[in-house]
Amino acid sequence: EKASVLPNTITYNTAISVCEKAGNLDTALSLFEQMKAPNANSAHPVAPVNRDEITFNALISTCEKAGDWQLALSMLDQMRVDHIPRSTVTFNAAISACQKAGKWQQALALLFTDM
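Think of each chain on its own: its residues are numbered from 1, step by step along the sequence as written. Local features in this predicted model are restricted to residues whose pLDDT is 70 or higher, and side-chain atom pairs enter the listing and the counts only when it is 80 or higher, whereas totals over whole chains, interfaces and linings include all residues. Only hydrogens and water are set aside; all other atoms, that is, all heavy atoms of the structure, feed into the side-chain values.

Chemist: I'd love a proper account of the packing of helix H4 (residues 69-81) against helix H5 (residues 88-100), names of residues and values included.
Modeler: Here an axis means a line fitted to C-alpha atoms, over the contact stretch when the element is a helix, while the angle between two N-to-C directions is reported on a 0 to 180 degree scale. Helix and strand assignments follow DSSP, with helices taken as H or I runs no shorter than four residues and strands as E runs no shorter than two, numbered in order from the N terminus. Direction vectors running N to C along H4 and H5 enclose 155°, while the axes themselves pass 8 Å from each other. Judged by the inter-axis angle, H4 sits roughly antiparallel to H5. Of the two elements, H4 crosses H5, and the hand of that crossing is left-handed. Contacts between H4 and H5 involve Trp69, Ala72, Leu73, Leu76 and Met79 from the first element and Thr90, Phe91, Ala94, Ala97 and Cys98 from the second. Geometric relationships in this document are graded by angle, where less than 35 degrees denotes roughly parallel, more than 145 denotes roughly antiparallel, 65 to 115 denotes roughly perpendicular, and other angles denote oblique. Note on convention: the crossing is left-handed when the near helix lies turned anticlockwise from the far helix by less than a right angle, right-handed when the turn is clockwise. In what follows, a contact means two residues having at least one pair of non-hydrogen atoms within 4.5 Å.

Chemist: Could you give an account of the nonpolar core, naming the residues involved and the relevant values?
Modeler: By size, the foremost hydrophobic cluster in this structure holds 29 residues, and its most contacted members are Ile16, Leu59, Ile60, Met75 and Leu110. Beyond its immediate sequence surroundings of up to four residues, Ile16 is in contact with Ala28, Leu31, Phe32, Met35, Thr55, Ala58, Leu59 and Thr62. Here, nonpolar core refers to any group of buried Ala, Val, Leu, Ile, Met, Phe, Trp, Tyr and Cys residues whose side-chain atoms link them within 4.5 Å. Burial classes follow relative accessibility: with a 1.4 Å probe on protein chains only, a residue under 20% of its type's maximum area counts as buried, one over 50% as exposed, and anything between as partly exposed.

Chemist: Pulling in residues and values, what's your account of a nonpolar patch on the surface?
Modeler: Surface patches are drawn from residues lacking salt bridges whose relative accessible area is over 30%; two like charges belong together within 9 Å, two nonpolar side chains (Val, Leu, Ile, Met, Phe, Trp, Tyr) within 5 Å. Each accessible area is a Shrake-Rupley result for a 1.4 Å probe, and residues are judged covered by the shown protein chains and nothing else. Each reported salt bridge corresponds to a side-chain nitrogen of Lys or Arg within 4 Å of a carboxyl oxygen of Asp or Glu. Taken together, the side chains of Trp104, Leu108, Leu111 and Phe112 present a nonpolar region at the surface, about 470 Å² in accessible area. When you line up the elements, Phe112 lands in helix H6 (residues 104-114).

Chemist: Before we move on, could you go through the packing of aromatic side chains and cite the residues and values that matter?
Modeler: Side-chain rings of Phe, Tyr and Trp (the six-membered ring for Trp) are treated as a pair once their centres are within 6.5 Å; stacked means planes under 30 degrees apart, edge-to-face means over 60, and tilted covers the remaining angles. Tallied over the entire structure, the rule returns one aromatic pair. Only lysine NZ and arginine CZ atoms are considered, and such an atom sits over a ring when it is within 6 Å of the ring centre and within 35 degrees of the ring normal. Positioned above the aromatic ring of Phe32 is the side chain of Arg51, whose terminal nitrogen or guanidinium carbon lies 3.6 Å from the ring centre.

Chemist: How would you summarise the pattern of salt bridges if you had to cite specific residues and measurements?
Modeler: Counted under the stated rule, the structure contains four salt bridges. Between Lys21 and Glu20 there is a salt bridge, and its shortest N-O distance comes to 3.3 Å.

Chemist: Just give me the short version of helix H3 (residues 53-66), but keep the residues and values in it.
Modeler: Any helix carries an expected span of 1.5 Å times its number of residues minus one. A rise of 1.5 Å per residue sets the reference length of H3, with its 14 residues, at 20 Å; its end C-alpha atoms lie 20 Å apart and thus fit the reference within 8%. For H3, a buried count of ten out of 14 residues is recorded, marking the element as mostly surrounded by other parts of the structure. Of all the positions in H3, only Thr55, Phe56, Asn57, Ala58, Leu59, Ile60, Ser61, Thr62, Cys63 and Glu64 are classed as buried. Check the buried side of H3 and you find it contacts helix H1 (9-22), helix H2 (25-34), H4 and H5. Two N or O atoms count as a polar contact when they lie within 3.5 Å, although within protein this holds only if one can serve as hydrogen donor and the other as acceptor, and sequence-adjacent residues are included solely when both atoms are side-chain atoms. For H3, the side-chain oxygen to backbone nitrogen distance between the N-cap and Ile54 is 3.1 Å, and the N-cap itself is Asp52. One or two positions beyond H3, positive phi appears at Gly67, with a value near 80°.

Chemist: Which residues make up the packing of H2 against H3, and what values do they have?
Modeler: Where H2 contacts H3, the axes come no closer than 10 Å and their chain directions differ by 160°. Between H2 and H3, the angle is such that the two are roughly antiparallel. When you trace H2 past H3, the crossing you get is left-handed. Note on element contacts: H3 touches H2 through Thr55, Phe56, Leu59, Thr62, Cys63 and Ala66, opposite Leu25, Ala28, Leu29 and Phe32. Three classes are used: nonpolar for Ala, Val, Leu, Ile, Met, Phe, Trp, Tyr, Cys and Pro, charged for Asp, Glu, Lys and Arg, and polar for all others, with Gly counted as polar. A per-class count over the contact of H2 with H3 returns eight nonpolar, two polar and no charged.

Structure representation (structure tokens):
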């Protein structure tokens, strides 16, 4: 008999972190979206999985590595909308994404207005 593990926040966070290490933003985004509606096309749908600070931190770090500073800032804003706490780690990743793209004004704006 085949054993299976239902995905949860920890497994998704781990998978998104693996995508960050591999520089695979598309897969990380797909996993992030699946958390809202896992197995939507399945005959046996699974309940949505909660996204947490670690989820967003991993995705923002993936954005930083992929050079997508705009998506990193969008994810930072989404955390505020979803009432998910944003930490120093979160802001560091977003600031780094801006810095890598040469967007120093956006990085400074984060430093002085959003934290």
